[in-house]
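# Chains, contacts and geometry: an overview
Listed below, chain by chain, are the residues.
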Amino acid sequence: MAKTVENPDEMSFLDHLEELRWHLIRSVLAIVIIACGAFIMKDFIFDTVIFGPKKMDFPTYRFFCEIATFFGIDSEFCADTLPFTIQNRTMAGQFSAHIWTSIWAGFIIAFPYVLWELWRFISPGLHQNERKHSRGFILVASALFFMGVLFGYYVVAPLSINFLGTYQVSKEVLNEIDIGSFIATVRASVIACGIMFELPIIIYFLTKVGLVTPEILKKYRKIALVIVLILSAVITPPDVASQIVVSVPVLILYQISIYISKWVLKRESKKEKRNAK
C-alpha cells in the first residue's frame, strides 16, 4: 500500500503551538522595547501624561469650565487646584509605579503590532477571500482602540479624578491619595475604554462564526443597556452625569455593531448564492 503524502501546508498541533510561541515572544519583545523608552522618558510620562488630569489647566476641565461660565454656573472645574495630594507610602512604591506604568505604556503603544502578530497567526487558517475582506482589520481595530484610549484619558479619567479627589465625607478627613491608587484610576479608565471600543470588531467575528445575529443583538438590547450602565458605574465615579457620558458612545458602538452584523450576514448570503450557481 502506498504511503499517504501529507500536505506540506498542514501543521501539527505542536507546530501551531511553536508558531504561537514565537508570535507571543515577538509581541512581548515589542512591548518591552517600548516600555524601556517610556521608562527613560519618566518626566514626560508622569508629569505630562499621568498627572495631567490632576492639573486644572487640563483641556477637559477648561472645556467644562467654559460651558459652566457661558451658562453662569459655578463649577468646581473652574477651581485653581484640586484639593488633594499624591503621596507614596512604601519604600519601593515609586519605583514599582515607574516600572508598571512603563509596561502599560508599552502595551498601549505596541497594540497595533500585537494585533499584527495575532493576525499573522490567525490568517493562514482563513480562506483567501476571507483574508481579502479582512485586510483592514489591524487598521480599524487599532483606530477603535486608540479612540477608546483617548476617550478614557480625556473624559473618563478627569471626571473620575475630579469627583473622587474632591469628595469628602467630613472636613476632618483629608484626601492624601496613594500614587498607586491614582495611577490605577487613570489606567483603568484608559484600558477599559480602549477594550470597550473594540465592540464592533468583536461583533464582526462573532457574527462570522455564527454566534451572533442582528436579531439577537436587537432582542438583548435592553440587557446590553443594563450591562453598559454597570460597566460605566465600575469605571466612572458614582454620579449619573459621568455614567451617561461613558454610556452614550458605547451604546452608539452597539448600534453600529448591529449594522455590522447585518452587513456580514448579507455578504455571507450573497457568497452562498454565488457558490450554489
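Note that the coordinates shown come from a computational prediction; the quantities given were computed from them, not determined experimentally. (Residues numbered from 1 in each chain as written. Predicted model: local features only at pLDDT ≥ 70, side-chain atom pairs only at ≥ 80, totals over all residues. Heavy atoms only, no water.)

## Describing the overall build of the protein
- Tallying secondary structure elements over the protein gives 12 helices and two strands in all.
- Taken from the N to the C terminus, the helices and strands of the protein come in the order α-α-α-β-α-α-α-α-β-α-α-α-α-α.
- Long-range contacts, defined as pairs at least 24 residues apart, comprise 81% of the intrachain contacts of the protein with a sequence gap of at least 6.
- For the protein, the accessible area works out to roughly 17700 Å², and carbon and sulfur atoms hold 68% of it. (Helix = DSSP H or I, 4+ residues; strand = E, 2+ residues; numbered from the N terminus. Contact = heavy atoms within 4.5 Å. Areas by Shrake-Rupley, 256 points an atom, 1.4 Å probe, with all protein chains shown as cover.)

## So, helix α3 (residues 59-70)
- Across its 12 residues, α3 extends 16 Å between first and last C-alpha, which sits within 8% of the 16 Å expected from 1.5 Å per residue.
- Within the span of α3, buried status applies to Thr-60, Tyr-61, Cys-65 and Ala-68. Axial view of α3: buried residues confined to an arc of 130°, hence all on one face. Summarising the geometry of α3, the exposed residues directed more than 90 degrees from the buried face are Glu-66 and Phe-70.
- In the segment just after α3, Gly-72 is the residue with positive phi, at about 70°. (Expected span 1.5 Å × (residues − 1). Buried < 20%, exposed > 50% of the residue type's maximum accessible area, 1.4 Å probe, protein only. Arc of directions from axis to C-beta.)

## Focus on the packing of helix α4 (residues 93-109) against helix α7 (residues 137-166)
- At a minimum axis distance of 11 Å, the contact between α4 and α7 shows a crossing angle of 140°. The angle between α4 and α7 falls in the class oblique. In contact with Phe-107, Ile-108 and Ile-109 of α4, α7 contributes Phe-145, Phe-146 and Val-149.
- Split by residue class, the contact of α4 with α7 holds six nonpolar, no polar and no charged. (Axes fitted to C-alpha atoms, helices over the stretch in contact; angles between N-to-C directions. Parallel < 35°, antiparallel > 145°, perpendicular 65-115°, else oblique. Nonpolar A, V, L, I, M, F, W, Y, C, P; charged D, E, K, R; others polar.)

## Here's the deal with a nonpolar patch on the surface
- A cluster of nonpolar side chains, contributed by Phe-39, Phe-95, Ile-99, Trp-100, Ile-103 and Trp-104, occupies part of the molecular surface with about 560 Å² of accessible area.
- The leading source of residues in the nonpolar patch is α4, at five residues.
- Within the secondary structure, Phe-95 is located in helix α4.
- Judged by its relative accessible area of 53%, Phe-95 is exposed. (Patch = residues over 30% accessible without salt bridge, like charges linked within 9 Å, V, L, I, M, F, W, Y side chains within 5 Å. Salt bridge = Lys/Arg side-chain N within 4 Å of Asp/Glu carboxyl O.)

## Looking at the UniProt feature "transmembrane region" (unreviewed entry) in the protein
- With numbering aligned to this structure, UniProt lists the feature "transmembrane region" (unreviewed entry) at residues 20-40, 97-116, 137-161, 181-207, 219-238 and 244-265.
- Its end C-alpha atoms 30 Å apart, residues 20-40 is made of 100% helix and 0% strand.
- End C-alpha atoms of residues 97-116 are separated by 29 Å, and the span's content is 95% helix alongside 0% strand. (UniProt positions renumbered as here; feature names shortened; annotations may be inferred.)

## Things to note about the layout of surface pockets
- Taken as a whole, the largest pocket encloses approximately 480 Å³ of empty space.
- With six residues, the top contributor of residues to the lining of the largest pocket is α4.
- Considered class by class, the residues forming the lining of the largest pocket number 17 nonpolar, one polar and one charged.
- Roughly 310 Å³ of volume is contained in the second largest pocket.
- Along its surface, the second largest pocket is lined by 14 residues, and Leu-199, Ala-224, Ile-227, Val-228 and Tyr-254 are the ones closest to its centre.
- Among the elements that make up the lining of the second largest pocket, the one with the highest residue count is helix α11 (residues 221-235) (five residues).
- Looking at side-chain class alone, the lining of the second largest pocket contains 14 nonpolar, no polar and no charged residues. (1 Å grid on protein atoms, 1.4 Å probe; cavity = no way out; pocket = protein on both sides within 12 Å on 5 of 7 lines; lining within 4 Å. Points joined across faces, edges and corners; volume = space filled by probe spheres on them.)

## A closer look at the state of the cysteines
- As enumerated under the stated definition, the model contains one disulfide in all.
- One disulfide in the model links Cys-65 with Cys-78; its S-S distance is 2.1 Å. Taking the sign of the S-S torsion, 115° for the link of Cys-65 and Cys-78, the bridge is right-handed. Taken as a pair, Cys-65 in helix α3 and Cys-78 in the loop between α3 and β1 (85-87) lie far apart in primary sequence, 13 residues in all. (Disulfide = S-S within 2.5 Å.)

## A short note on the pattern of salt bridges
- Applying the stated criterion across every chain, the model contains three salt bridges.
- Across the pair Glu-18 and Arg-21 runs a salt bridge, and its minimum N-O distance is 2.9 Å. Taken together, the positions of Glu-18 and Arg-21, both in helix α1 (residues 13-40) and three residues apart, correspond to about one turn of that helix.
- We classify Glu-18 as partly exposed; its relative accessible area is 36%.

## So, the environment of Leu-159
- By the element assignment, Leu-159 lies in helix α7.
- Separated by 106 residues in the primary sequence, Leu-159 and Pro-53 place their C-alpha atoms 8.8 Å from one another.

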